[in-house]
Amino acid sequence: MLFAASLGCVALLGYFLVSFFQVYATGRDDQVRSVDAIVVMGAAQYDGRPSPQLAARLDHVAELWPQGFAPVVVVTGGNQAGDRFTEAEASTTYLVERGVPEASIVLEDRGTTSFESLERVAHLLAESTGSNDSRVLVVTDPYHSLRSRLIADEVGMTAYVSPTTTSVVTGVGSFERHFWEAGGVAIGRVMGFGRLSELTD
């Protein structure tokens, strides 16, 4: 029994390390290509002004937009209690100021988790395109890229990632985020990211 338990621990550790490597590698793999929509994951906003973390993601979208990879940009994220603006609204204003036409921006402004936001994105795109298999390019921080892609796949989209190269999450903070994301990816692959989101909300 002790030998079997030891093998089990080694297997779990190996599974986690593989997940950690995949989180790290995906965050450095720009999969940019023509898609139905660019989707930027939300982050904190301060009274209508994107936080530095959200601004880094939006700056990357502003660089991608003129290259014509997608006809629309979907901005995501709701608000916290007491906020006057949603993350999606703050993102829209920021992108319009940087040359993205407002008519080309779709707001997903209700999601409070990555899963909720991407599930709603899939619904919005299905309504607008008539397809239940939209191709999306997800823009977020490197550490968040793999989980975002896997969630997008789970909710019915074909997802690729284009991580921002100017993330403000660096050093020890970046390592910690990669560590926790690896755990989330490892668990989510087993039980489903929707179920994991329900348990951790």
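Before reading on, note that the structure itself is shown above.
Nothing here was measured: the structure is a model prediction, and the numbers come from that model.

Parameters and conventions
- Residues numbered from 1 in each chain as written.
- Predicted model: local features only at pLDDT ≥ 70, side-chain atom pairs only at ≥ 80, totals over all residues.
- Heavy atoms only, no water.
- Pairing = 2+ DSSP bridges.
- Helix = DSSP H or I, 4+ residues; strand = E, 2+ residues; numbered from the N terminus.
- Right-handed = clockwise from strand over helix to strand, strands pointing away.
- Salt bridge = Lys/Arg side-chain N within 4 Å of Asp/Glu carboxyl O.
- Buried < 20%, exposed > 50% of the residue type's maximum accessible area, 1.4 Å probe, protein only.
- Contact = heavy atoms within 4.5 Å.
- Phe/Tyr/Trp six-rings, centres within 6.5 Å; stacked < 30°, edge-to-face > 60°.
- Lys NZ or Arg CZ within 6 Å of the ring centre and 35° of its normal.

**Q** Is there a simple way to explain the pairing of strand β7 (residues 158-161) in this structure?
**A** Regular strands place side chains that alternate from one sheet face to the opposite one. Sheet analysis places strand β6 (residues 135-139) next to β7, joined by four bridges and oriented parallel. Bridge assignment links Arg135 to a residue of β7, and that residue is Thr158. Once the chain exits β6 it traverses helix α5 (residues 145-154) before rejoining the sheet at β7, and the crossover so formed is right-handed.

**Q** Whenever I open this one, the pattern of salt bridges confuses me. Can you help?
**A** By the definition in use, this model includes seven salt bridges. Arg98 is paired through a salt bridge with Asp59; the nearest N and O atoms lie 3.9 Å apart. Remark: Asp59 occurs in helix α2 (residues 52-64) and Arg98 occurs in the loop between α3 (87-97) and β5 (105-108); sequence separation between them is 39 residues. Given a relative accessible area of 29%, Asp59 falls into the partly exposed group. The residue Arg195 makes a salt bridge to Glu198 at a minimum N-O spacing of 3.2 Å. With Arg195 and Glu198 both in helix α7 (residues 193-200) and three residues apart, this pair spans about one turn of that helix.

**Q** What exactly am I supposed to notice about the side chain of Ser148 here?
**A** As for its position among the elements, Ser148 is in helix α5. Discounting residues that sit within four places of it in the chain, Ser148 has contacts with Met41, Leu118, Val138 and Thr140.

**Q** Can you help me understand the packing of aromatic side chains in this one?
**A** Any two aromatic rings considered together are summarised by their centre-to-centre distance and by the angle between their planes. One pass over the full model with this rule turns up four aromatic pairs. When the centroid spacing of 5.8 Å and the interplanar angle of 55 degrees are considered together, the rings of Phe20 and Phe175 count as tilted. Placement of the pair is Phe20 in helix α1 (residues 2-26) and Phe175 in helix α6 (residues 171-191), with a sequence separation of 155 residues. Lying over the aromatic face of Tyr24, Arg28 brings its terminal NZ or CZ to 3.8 Å of the ring centre. Geometry around Tyr94 places Arg98 over its ring, the cationic atom sitting 3.4 Å from the centre.

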